[in-house]
Amino acid sequence: MKGAQKVAVINNENGKNSVESVTLKDISKFIKDDIGFSYQGYFRSGWAASNRGSAQTYAAGSLGRFGNEMSGWLDLTLNQRVYNQDGRTANAIVTYDGNVGEQYNDAWFGDSDNENIMQFSDIFLTTRGFLPFAPEADFWVGKHKLPEYEIQMLDWKTLTTDVAAAVGIQNWDLGPGQLDASVSRNDVDVYSRDFSHTTQMNTNSVDLRYRNIPLWQRWFFIADG
């Protein structure tokens, strides 16, 4: 369907029925703006190379690997606004991601012994306008972390932190730049020296980032030679 296609709706006003037309774009805007629901996602999938008739991943993690792997990866983020009044908003956000193996048929799913791995990487509540000292900032709490920066082609994450639960603030206008800060919790199973047993270690991490700093007002390009 195209966004220009129309559907008919019946509007009853003062006992009189009138037929009006709205586009799918109008409906989409209503869902996003009035109901406050939106979604976004990413996925990749490839066809496997073969080795004596069996599927086999080739060059996973290397440049140009698309189409050379026997699995698919997905990210799906659902965003529902739960509060919006007097310039203050609150949104509940859930991100579902994981690996979907392509070696087995659609009847094979959810077993810990195969390559299907699904998880909720984000379940948190984010607010804006509730901090009197920084009304422009996003204040959030839950299973979340500051943004990861990565190169999708290679899946190289230049900055990432494993978290179980956290609280943070983002986009805080402070001086010439913006401050992002979070405190996160993660429990780690640490092996003993002989690898015979594990001990749970509680870790807490502080992530501070100061960004969008203006370096200079003018720039010059000098070519030599």
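Up top is the structure these notes are about.
Note that the structure is predicted; figures quoted are calculated from it, not measured. (Residues numbered from 1 in each chain as written. Predicted model: local features only at pLDDT ≥ 70, side-chain atom pairs only at ≥ 80, totals over all residues. Heavy atoms only, no water.)

J.: Is there a simple way to explain the overall build of the protein chain in this structure?
T.: On a plain count of helices and strands, the protein chain comes out with one helix and 14 strands. In the protein chain, of all internal contacts separated by at least 6 residues, the share reaching a separation of at least 24 is 45%. Surface summary for the protein chain: the accessible area is close to 16800 Å², and the carbon and sulfur share equals 56%. (Helix = DSSP H or I, 4+ residues; strand = E, 2+ residues; numbered from the N terminus. Contact = heavy atoms within 4.5 Å. Areas by Shrake-Rupley, 256 points an atom, 1.4 Å probe, with all protein chains shown as cover.)

J.: Please clarify how a nonpolar patch on the surface should be interpreted in this entry.
T.: A cluster of nonpolar side chains, contributed by Val 82, Tyr 83, Leu 125, Phe 130, Phe 139, Val 141, Val 167, Val 183, Val 206 and Leu 208, occupies part of the molecular surface with about 850 Å² of accessible area. Of all the elements in the fold, those that place two or more residues in the nonpolar patch are strand E6 (71–85), strand E9 (138–143) and strand E14 (198–211). Inspection of the secondary structure assignment puts Leu 125 in strand E8 (residues 117–128). (Patch = residues over 30% accessible without salt bridge, like charges linked within 9 Å, V, L, I, M, F, W, Y side chains within 5 Å. Salt bridge = Lys/Arg side-chain N within 4 Å of Asp/Glu carboxyl O.)

J.: Is there a simple way to explain unusual backbone geometry in this structure?
T.: Most of the time, phi is negative for any residue but glycine, and the peptide bond is trans. Look at Asp 86: it is not a glycine, yet its phi comes out positive at around 55 degrees. Inspection of the secondary structure assignment puts Asp 86 in the loop between E6 and strand E7 (88–101). Under the relative-accessibility criterion, Asp 86 is labelled exposed at 71%. Although it is not a glycine, Asn 212 sits at a positive phi angle of roughly 55 degrees. The residue Asn 212 is located in the segment after E14 in this model. (Buried < 20%, exposed > 50% of the residue type's maximum accessible area, 1.4 Å probe, protein only.)

J.: Where do I start with the side chain of Asn 79 in this structure?
T.: Mapped onto the elements, Asn 79 comes out in strand E6. A distance of 2.8 Å separates a polar atom in the side chain of Asn 79 from a polar atom in the side chain of Asn 91. Those residues in contact with Asn 79, other than ones at most four positions away along the chain, are Gly 36, Phe 37, Ser 38, Asn 91, Ala 92 and Ile 93. (Polar contact = N/O pair within 3.5 Å; in protein donor to acceptor, adjacent residues only side chain to side chain.)

J.: Where do I start with the pairing of strand E12 (residues 165–174) in this structure?
T.: By the bridge criterion, five bridges tie E9 to E12 in an arrangement that is antiparallel. Its bridge partner being in E12, Val 141 is matched across the sheet by Val 167. The antiparallel pairing of E12 with strand E13 (residues 177–191) creates a hairpin that spans two residues between the two strands, and Gly 175 there sits at a positive phi of about 70 degrees. (Pairing = 2+ DSSP bridges.)

J.: Before we go on, may I ask you to explain the pattern of salt bridges in this structure?
T.: Pairs may arise between side chains of opposite charge once their charged atoms sit close together. Counted according to the given criterion, the structure contains six salt bridges. The partner of Arg 211 in a salt bridge is Asp 180, with the nearest N and O atoms 2.7 Å apart. With a gap of 31 residues between them, Arg 211 in strand E14 and Asp 180 in strand E13 connect regions that are remote in the sequence. The partner of Asp 187 in a salt bridge is Arg 185, and the shortest N-O contact between them spans 2.9 Å. For Asp 187, a relative accessible area of 36% corresponds to the partly exposed category.

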